[in-house]
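# Structural description and commentary
For reference, the chains in residue letters:
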Amino acid sequence: MKYSIGLDFGTLSARAVLVDLESSREVCHSAYEYPHGVMSTNLHSGEPLPDGFALQHPRDYLDAIANMIPAIISMAGIDSRDIIGVGVDFTSCSILPVRADGTPLCFEAEFKNEPHAYVKLWKHHSAQPYADKITQLAELRSEPWLKRYGGKISSEWMLPKIMETLDKAPHVFENAVRFIEAGDWLIWMMTGTETHNACMAGYKALWNKREGFPSREFMSQLDPRLDSLFGTKVSDNIIPLSIKAAEISEHGARLTGLTLGTAVAPAVIDAHAASPAAGITGAGQMLLIIGTSGCNLIMSEAEHNVDGICGTVEDGVYPDLFAYEAGQTCLGDHFDWFVKKCVPANYTIEAQKQGISIHKYLREKAKKLSVGESGLICLDWWNGNRSILDDADLSGVIIGLDLRTTPEQIYRALLESVAFGAKVIIDHFEKCGIPVGELFAAGGIAQKDELLMQIYADVTGRTIHIVDSAEATALGTCVYGACAAGYYRSLAEGAKAIGKLRSTPFVPNMENHKIYNLLFAEYKKLHDYFGTGENNVMKRLKEIKNTQRI
């Protein structure tokens, strides 16, 4: 018997899956919630962090593998020597400053009270001014790499976050030997080998397979102190996804219970790892990751310039294909916000009486509403817009409220808004010459929210296939682990073996689709009015809010 483990590190928790490679069967799962969660206050002083901060504690990641992997080995009743490969996926860009041996600065007494010494999570958005500065200089210099990132740099990426640290906490910058993606750091801790994977480097650190990182001239003009950033404080040892990154070290074996020498794959962005789990092997198949946030991935045999997306990376998911990433920064977070902040007590009480979650209770009530009945449209920007506007300073909108509006009407409008946001992205890809054929969906919400998935199908007018795994990203990561061990000859071979879909897809109701086309036309007008042009009302409101907080 031969097994592979997939480790999936999300926003609030980590998950692990063990796969029997002979039968392609998921044997068992394990999960670990981060004790520190997403830090919104200073860990030691308790003071609120600045607006836009989203930090994590790297200790949570080590505790996760120390708990999950032994648990899986015990549940399965197997010998750890039969586990031949390990894959790791991680939210990205989530970076931390470390010493030469990989020790995070936040582990040291000198820096434990310094927010910039902790992990800056993917949704850490306070670096937007630095992202804007990078974009402006790249435009001024006509840097060719800017087109690969949709013409605009995101606050979620590595360089803006490092620049923020340099500006706000120069002592952290000076003491950091490396700024490293959390996924790469975790592999370092397990193997003793530092790597920088091509997926995260390409999408989040401005690296290109043929051209490398931005030039020293660009970096020096951006800030003289960043002249030699790439190759010193950011590793330029970039490795592809389909190889073995390293092997479990003695320290890693003690930490995880795995056998010394077990193959470990390079880290991969969490959303991208789900592609093999969906059985995706070629161009034109779009994967929708529907969770806390949303990610839209599609591959093409040719390179196209697509403005407003997160990036285009050659070999970014599969060898010999250009992989394009777009996404939505707030998806499940919308629904979570609503049930925590806006649902009346009697709804919660009734859900408890029925023994169901408040989300399911609202879904059941929302199902009874016909398309367009509420007269509501939302802009799904509670956490800014990632694609295609790429602006973290945008905020949410609800249009059409009146005294008869009910909670389930608002809830359904929020569901519809994320589907509209996905349609904007799909339409934009096709406009830029990338055909979008079949849709595949993975993630916790795709698994359990039938209403939302039907809305996606009705809004887009496309059939949607659901990955038949509660842990699609971890399952896909198992393929990378098995490839690292040499069990599969290619990622495509692994995807064909392990990828699995539910037998019944979501098929669009074309009558609903006609009505949704009318609603989408209104959504698009609001999208363009608030998101483009000279109307900056959302940003002015944010400035007033920040002034009052001071």
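Because the structure is predicted, anything quoted here is derived from the model rather than measured.

Our next topic: the overall build of the chain. Within the chain, the secondary structure is distributed over 19 helices and 21 strands. Here the chain has a C-alpha radius of gyration of 23 Å; the compact-globule value for 550 residues is 24 Å, and the two agree. Considering only C-alpha atoms, the chain reaches an extent of 65 × 55 × 50 Å along its principal axes. With 550 residues in all, the chain has 61% of them scored as buried. The long-range share in the chain, meaning contacts at least 24 apart out of those at least 6 apart in sequence, stands at 73%.

Glancing now at empty space enclosed by the protein. Taken as a whole and judged by the stated rule, the model has eight cavities of 30 Å³ or more. Taken as a whole, the largest cavity spans an internal volume of roughly 70 Å³. Taken together, the elements giving at least two residues each to the lining of the largest cavity come down to β17 (322-328), α13 (407-431) and α18 (510-531). Classifying every residue of the lining of the largest cavity gives four nonpolar, eight polar and two charged.

This part takes up the pairing of strand β5 (residues 83-90). Of all eight residues in β5, seven are buried; the element is thus mostly enclosed. Pairing between strand β1 (residues 3-9) and β5: seven bridges, direction parallel. Bridge pairing links Tyr 3 to Ile 83 in β5. Where β5 meets strand β12 (residues 263-264), two bridges bridge the pair, whose relative direction is parallel. Across the sheet, Val 86 pairs through a bridge with Val 264, a residue of β12. Sheet topology note: the β5/strand β13 (residues 268-269) ladder contains two bridges and is parallel. The partner of Asp 89 across the bridge, within β13, is Val 268.

The next subject is the environment of Ser 45. Mapped onto the secondary structure, Ser 45 falls in the loop between β3 (25-33) and β4 (55-56). For Ser 45, a relative accessible area of 38% puts it in the partly exposed group. Through-space distance from the C-alpha of Ser 45 to that of Asn 113 is 7.3 Å; in sequence the pair is 68 residues apart. A distance of 3.3 Å separates a polar atom in the side chain of Ser 45 from the backbone nitrogen of Glu 47.

Right, let's get into the packing of aromatic side chains. Summed over the entire model, instances satisfying the criterion amount to 20 aromatic pairs. With a centroid separation of 5.3 Å and an interplanar angle of 45 degrees, the aromatic rings of Phe 420 and Tyr 523 are classed as tilted. In this pair, Phe 420 sits in helix α13 while Tyr 523 sits in helix α18, placing the two residues 103 residues apart along the sequence. Accessibility assignment for this pair places Phe 420 and Tyr 523 in one class, buried. Plain terms: the ring middles of Tyr 529 and Phe 530 are 5.0 Å apart, the flat faces sit at 85 degrees to each other, and that makes the pair edge-to-face. Taking the relative accessible area as the measure of exposure, Phe 530 reaches 17% and is therefore buried. Following the ring pairs from residue to residue traces out a cluster consisting of Phe 335, Trp 337, Phe 338, Trp 382 and Tyr 411. Looking at Arg 59, its charged tip hangs above the ring of Phe 107, at a distance of 4.5 Å from the centre. When the ring centre of Phe 173 is taken as reference, the NZ or CZ atom of Lys 233 above it lies at 5.0 Å.

In this section: the side chain of Ser 80. By secondary structure assignment, the location of Ser 80 is in the loop between α1 (59-76) and β5. Of note is the side chain of Ser 80, whose polar atom sits 2.9 Å from the side chain of Thr 259. In this view, Ser 80 contacts Ile 73, Gly 257, Leu 258 and Thr 259; residues no more than four positions away in its chain are not counted.

Time to look at the pattern of salt bridges. The full count for this structure, using the stated rule, is 31 salt bridges. Across the pair Glu 164 and Lys 120 runs a salt bridge whose closest N-O atoms are separated by 2.7 Å. Note that Glu 164 is positioned in helix α3 (residues 158-168) and Lys 120 in strand β7 (residues 119-120), a separation of 44 residues in sequence. The pair formed by Glu 164 and Lys 120 is uniform in burial state, with each residue classed as buried. Where Asp 449 meets Arg 363, a salt bridge forms, and the shortest distance between an N and an O atom there is 3.7 Å. In this pair, Asp 449 is assigned in the loop between α14 (444-448) and α15 (450-460) and Arg 363 in helix α12 (residues 358-367), connecting sequence segments 86 residues apart. One network of salt bridges, with partners in common, ties together Asp 8, Arg 15 and Glu 471.

Turning our attention to α13. It helps to recall that an α-helix has 3.6 residues per turn; residues three or four apart then point in one direction. Its 25 residues place the ends of α13 36 Å apart at the C-alpha level, agreeing with the 36 Å of an ideal helix rising 1.5 Å per residue. Burial within α13 is extensive, with 22 of its 25 residues counted as buried. In the segment just after α13, Gly 433 is the residue with positive phi, at about 95 degrees.

In this section: the packing of α13 against α15. Running from N to C, α13 and α15 point in directions that differ by 45 degrees, and their axes come no closer than 9 Å. Compared by their axis directions, α13 and α15 come out oblique. For the crossing formed where α13 meets α15, the hand is right-handed. Here Arg 412, Leu 415, Glu 416, Val 418, Ala 419, Phe 420, Ala 422, Lys 423 and Ile 426 of α13 come into contact with α15, specifically with Leu 451, Leu 452, Ile 455, Tyr 456, Val 459 and Thr 460. Classifying every residue of the contact of α13 with α15 gives eleven nonpolar, one polar and three charged.

Looking now at the packing of α1 against helix α5 (residues 182-191). Two numbers describe how α1 lies on α5: the axes approach to 11 Å, and their chain directions differ by 55 degrees. Judged by the angle between their axes, α1 and α5 are oblique. The handedness of the crossing between α1 and α5 is right-handed. Residues Tyr 61, Leu 62 and Ile 65 of α1 touch α5, and the partners they reach there are Ala 182, Trp 185, Leu 186, Met 189 and Met 190. Taken together, the residues of the contact of α1 with α5 break down into eight nonpolar, no polar and no charged.

Conventions we followed
- Residues numbered from 1 in each chain as written.
- Predicted model: local features only at pLDDT ≥ 70, side-chain atom pairs only at ≥ 80, totals over all residues.
- Heavy atoms only, no water.
- Helix = DSSP H or I, 4+ residues; strand = E, 2+ residues; numbered from the N terminus.
- Rg over C-alpha atoms; globule rule 2.2 N^0.38 Å.
- Buried < 20%, exposed > 50% of the residue type's maximum accessible area, 1.4 Å probe, protein only.
- Contact = heavy atoms within 4.5 Å.
- 1 Å grid on protein atoms, 1.4 Å probe; cavity = no way out; pocket = protein on both sides within 12 Å on 5 of 7 lines; lining within 4 Å.
- Points joined across faces, edges and corners; volume = space filled by probe spheres on them.
- Nonpolar A, V, L, I, M, F, W, Y, C, P; charged D, E, K, R; others polar.
- Pairing = 2+ DSSP bridges.
- Polar contact = N/O pair within 3.5 Å; in protein donor to acceptor, adjacent residues only side chain to side chain.
- Phe/Tyr/Trp six-rings, centres within 6.5 Å; stacked < 30°, edge-to-face > 60°.
- Lys NZ or Arg CZ within 6 Å of the ring centre and 35° of its normal.
- Salt bridge = Lys/Arg side-chain N within 4 Å of Asp/Glu carboxyl O.
- Expected span 1.5 Å × (residues − 1).
- Axes fitted to C-alpha atoms, helices over the stretch in contact; angles between N-to-C directions.
- Parallel < 35°, antiparallel > 145°, perpendicular 65-115°, else oblique.
- Left-handed = near helix turned anticlockwise from the far one by under 90°.

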